[in-house]
Amino acid sequence: MSSPVCYQLADTIGIIRVDNPPVNVLSQPVRQGILDAVRAARQDASEVLLLLCAGRTFIAGADITEFGKPPAAPLLPAVIDALEDSEKPVVAAIHGTALGGGFEVALGCHYRIALASARVGLPEVRLGLIPGAGGTQRVPRLAGVSAALDLMSSGRPVPAGRAEELGLVDRVVGEDLEAAALAWCRELAEGRASCRRVSAQTVERVPDGVLADYRSMLARRARGQLAPQKIVDAVEAAMTLPFSDGVAREREYFLECLQSPQSAAMRHLFFAERAAAKIADLPKDTLQRTVSRVGVIGGGTMGSGIATSFANAGFGVTLLEVDDEALERGLETVDRNYAGSVKRGKLSETEAAQRRGCIEGTTAYSSLADVDLVIEAVFENLGLKQEVFAELDAVCKPGAILATNTSYQDVDRIAAATRRPEDVIGLHFFSPAHVMKLLEVVRAERTADDVLASCMALGKKIGKIPVMARVCYGFIGNRMLRPYMREAQLCLIEGAKPADIDTAMEQWGMAMGPLAVADLAGLDVGYKARQGLPVEQRGDPRAYRIADVLVESGRLGQKSGAGFYVYDPDTRQRSEDPAVLDIVAREAADLAVARREIDAGEIVDRLVYALVNEGMRIVEEGIAQRPGDIDVVYAYGYGFPAFRGGPMFYADTVGLDEVLDRIEGFRRQFGDPRWTPAPLLVELAKTGRTLADWAAEPARSR
Ligand code: COA
């Protein structure tokens, strides 16, 4: 088999070219190939070596599929040592993304040149890891301790220009990287440049307390996570130990993280996210429809967020509202979105103005005649949505994609309001739509393949993570949220305080506890939806009575300053309100609910297993294509801790027999059919299979 690395002498320059599509990861043959090339160069007439990559990017990192398997020599640190130890200067030429192990390879070289469009970074923390091939030791030597901590603990890559400012890259060129790199190599050869080894440099010492402060900041920002803390430990080692000891320490921490369940969970999510983008029964070469102009109907929070998302990606957007006043409010929300981005330093004034300029407003449906895609984001009411779609059917050009942003309504029934149901699809954004990454793409019964393929691709184009769902009440995410929220409410009426519930879930890793989320979303939303239902369809009053009483006493959540909690008007800090505890006690007595102490363990198990049990039904019914899709939905749309891998992965790690035991225990304890275990859970637990096994079985594996 030919090597993915080729070495070739061009005059006095030894060119090492990596070609391992799609993203040049450092699989064993690549590591071997680089090592062989460095060894070959020792014997030949080369004076300077140039390391570069073919294809769309420089080395994008270690091969994540190799993690968790027995290590295969040569290991990356040995390859990087060989580069750094070379007696002939080595230049790395970076285009695309030099990430993780890829950037560590570049740091092992003596000089770095990058294309202005390139980005470099150490994203290992997003996989529950720390850089394991010298990155934690070399970056502080070049960029200083605090920049190193920021780069590695955020995992966020930086553009080449910023990398140059930080000292991580020596030169940046606008175009023709290879020619510029070769010219520089010749200069270095002529000038008999030295081998500038990063490991030989010293690390600045930071004042006492800086690292401790950083650790406490990370303990809050990356609650419960091991890797960010280990990054600080490794940087401390860089500061206090000689390079070789620092590297040994780094390796120790790296292996500890690699073996942690947290990293297994985060690596699972990495691949689950990429798998979610693939539709099993859709041919890869399905043609897509061209979309350049987008219409958005409804200028509320959702509609304006959706319009902002598309404008951010350079699409022309027409925002439609019922009258001038509503339109003005919608456009003001868009303005506020951009002002917020400028204030947070995410966009410059000019960029914001440019993007804002992509959005125009209208009150006439006829303005949507030419759009390629239209997304309806009006009030959650089936009849209203059907009216909108009938109107769209009348005005939109043939071939336009007609999408609904509904959270719950039946997309098939919405599609039936048109004469072109094959053009209709659900695009369910999450609030705030210009910030949240998740996009549920709802494939209705008659949605055409090219409409689905176009929307999956469009989702990616606007920076979202698209996950396909089939039609059911609440699709994937909100369908699972109902039993989760119900359990939170039941814990409350049975005796837990709001803060007991939210703190238990937050300490377990959820970004926000369920009652705090309800307060943020507004308690009136669910209230209005319940009022629209006949009493017998509202479900168990124990699970909504308190919320109803809160709304009826004017407590709508954060927006009214009070809901399950009271909120400080300036800081938005929540605190317990004795009035709420009184309401709960009164309603519990009224509904004859016996009250008791509920510990954090029970709260977590009830809420998380409620999610898991519904998730099992969702995969079994084919609403989600695979269990991993549910994990992606929960991690990106609902604040589920990535370091637990999503609810379905978590269930596998606990063990499905144990999950089933606990759910059956709840069924006995509460005597309630809500705890009937999903048939798939029973089947897998009885046969000793995991969800991952099930997903990989031939009938389902893709
Ligand atoms: N190891 C193994 N496979 C990888 C990989 C890695 N480090 N990085 C990417 N891939 C695979 C993806 O799984 C995907 O495979 P698929 O086509 O079978 O689904 C393929 O390469 C393309 O990746 P994708 O993410 O879809 O391409 P992109 O152009 O959108 O993004 C990157 C490219 C490099 C920015 C992105 O893949 C990335 O961030 N990779 C991880 C980088 C990283 O964390 N490196 C440090 C590892 S320690």
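Owing to the predicted nature of the structure, the values given are computational and were not obtained by experimental measurement. (Residues numbered from 1 in each chain as written. Predicted model: local features only at pLDDT ≥ 70, side-chain atom pairs only at ≥ 80, totals over all residues. Heavy atoms only, no water.)

(A) Spatial organisation of the overall build of the protein chain. When you go through the protein chain residue by residue, the secondary structure sums to 29 helices and 19 strands. In terms of overall dimensions, the protein chain is globule-like: its C-alpha atoms have a radius of gyration of 28 Å, near the 27 Å expected for 702 residues. When each of the 702 residues of the protein chain is scored for burial, the buried share is 55%. For the protein chain, long-range pairs separated by at least 24 residues make up 74% of all intrachain contacts whose partners lie at least 6 apart in sequence. Accessible surface computed for the protein chain: about 29,500 Å², of which carbon and sulfur atoms make up 51%. Measuring between centres, the 80 positive side-chain charges of the protein chain sit 1 Å from its 95 negative side-chain charges. (Helix = DSSP H or I, 4+ residues; strand = E, 2+ residues; numbered from the N terminus. Rg over C-alpha atoms; globule rule 2.2 N^0.38 Å. Buried < 20%, exposed > 50% of the residue type's maximum accessible area, 1.4 Å probe, protein only. Contact = heavy atoms within 4.5 Å. Areas by Shrake-Rupley, 256 points an atom, 1.4 Å probe, with all protein chains shown as cover. Lys, Arg positive; Asp, Glu negative; His and termini not counted. Charge placed at Lys NZ, Arg CZ, Asp CG, Glu CD.)

(B) Highlighting the site of the ligand. Lining the immediate environment of the ligand, one finds 20 residues, of which Arg 56, Ala 62, Ile 64, Arg 274 and Lys 278 sit closest. Within the contact set of the ligand, an oxygen atom lies 2.5 Å away from a side-chain nitrogen or oxygen of Lys 278. A distance of 3.4 Å is found between an oxygen atom of the ligand and a side-chain nitrogen or oxygen belonging to Lys 460. Notes on the ligand: free accessible area 870 Å², of which the protein chains cover 73%. Those elements giving two or more residues to the shell around the ligand turn out to be strand S5 (97–99) and helix H11 (261–276). Per-element accounting of the shell around the ligand gives the leading share, 3 residues, to H11. (Near = heavy atom within 4 Å. Polar contact = N/O pair within 3.5 Å; in protein donor to acceptor, adjacent residues only side chain to side chain.)

(C) The sheet that holds S5, seen in detail. Reading across from one edge, S5-S7-S8 is the order of the 3 strands in this open sheet, with mixed pairing throughout. The open sheet is flanked by S5 and strand S8 (158–159), the only strands paired with a single partner. Strands S5 and strand S7 (119–121) of the sheet are contacted by helix H3 (residues 101–108), whose axis makes an angle of about 90° with S5. (Pairing = 2+ DSSP bridges. Axes fitted to C-alpha atoms, helices over the stretch in contact; angles between N-to-C directions.)

(D) View of the packing of aromatic side chains. Evaluation of the coordinates by the stated rule reveals 13 aromatic pairs. Judged by centre distance (5.6 Å) and plane angle (75°), the ring pair of Tyr 111 and Trp 184 falls under edge-to-face. In this pair, Tyr 111 sits in strand S6 (residues 111–115) while Trp 184 sits in helix H7 (residues 177–190), placing the two residues 73 residues apart along the sequence. By relative accessible area, Tyr 111 is classed as buried at 7%. Here Phe 310 and Phe 315 contribute two aromatic rings whose centre-to-centre distance is 5.4 Å and whose plane-to-plane angle is 80°, an arrangement assigned as edge-to-face. (Phe/Tyr/Trp six-rings, centres within 6.5 Å; stacked < 30°, edge-to-face > 60°.)

(E) Structural context of the sheet that holds strand S16 (residues 438–443). The 8 strands are arranged S12-S11-S10-S13-S14-S15-S16-S17 in an open sheet whose pairing can be described as mixed. The sheet is open, and its two borders are formed by strand S12 (359–362) and strand S17 (465–470), each paired with just one other strand. Strand-to-strand twist across the sheet, computed as the mean angle between neighbouring axes with direction ignored, equals 25°. Pairing of strand S14 (residues 401–404) with strand S15 (residues 424–429) involves 3 bridges; the strand directions are parallel. In the sheet register, Ala 403 faces S15, and the bridge partner there is Ile 425. Where helix H15 (residues 382–395) meets the sheet, its contacts fall on strand S10 (293–297), strand S13 (373–376), S14 and S15, and the angle it forms with S14 comes to roughly 170°. Each of S13, S14, S15, S16 and S17 is contacted by helix H17 (residues 449–461), which is oriented at about 180° to S16, the strand it contacts most.

(F) How the structure looks around unusual backbone geometry. Here Ala 73 and Pro 74 are connected by a cis peptide whose omega angle stands at -5°. Of note in the backbone geometry, Arg 192 takes a positive phi value of approximately 50° without being a glycine. You can see Arg 192 is positioned in the loop between H7 and helix H8 (210–221). Its relative accessible area of 68% is what places Arg 192 among the exposed residues.

(G) Focus on the domain arrangement of the protein chain. Under the domain assignment, the protein chain is made up of domain 1 (5–258), domain 2 (293–472) and domain 3 (478–600). Spacing between the C-alpha centres of domain 1 and domain 2 amounts to 41 Å. (Domains from an automatic or database assignment.)

(H) Spotlight on the packing of helix H5 (residues 145–154) against helix H9 (residues 226–240). Two elements in contact, H5 and H9, have axes separated by 10 Å at closest approach and are oriented at 150°. Judged by the angle between their axes, H5 and H9 are roughly antiparallel. Along this stretch, H5 crosses H9, giving a crossing that reads as right-handed. Residues Val 145, Leu 149, Met 152 and Ser 153 of H5 pack against Ile 231, Val 232, Val 235 and Met 239 of H9. (Parallel < 35°, antiparallel > 145°, perpendicular 65-115°, else oblique. Left-handed = near helix turned anticlockwise from the far one by under 90°.)

(I) Representation of the packing of helix H24 (residues 600–620) against helix H26 (residues 647–654). Across the interface, H24 lies against H26 with an axial gap of 9 Å and an inter-helix angle of 105°. With respect to their mutual orientation, H24 and H26 come out roughly perpendicular. Here Val 608, Tyr 609, Leu 611, Val 612, Gly 615 and Met 616 of H24 lie close against H26, whose contacting residues are Pro 647, Met 648, Tyr 650, Ala 651 and Val 654. In the contact of H24 with H26, the residues fall into 10 nonpolar, 1 polar and no charged. (Nonpolar A, V, L, I, M, F, W, Y, C, P; charged D, E, K, R; others polar.)

(J) Representation of H26. The buried count for H26 comes to 6 of 8 residues, which makes it a mostly enclosed element. Among the residues of H26, those classed as buried are Pro 647, Met 648, Phe 649, Tyr 650, Ala 651 and Asp 652. Backbone geometry just after H26 places Gly 655 at a positive phi near 110°.

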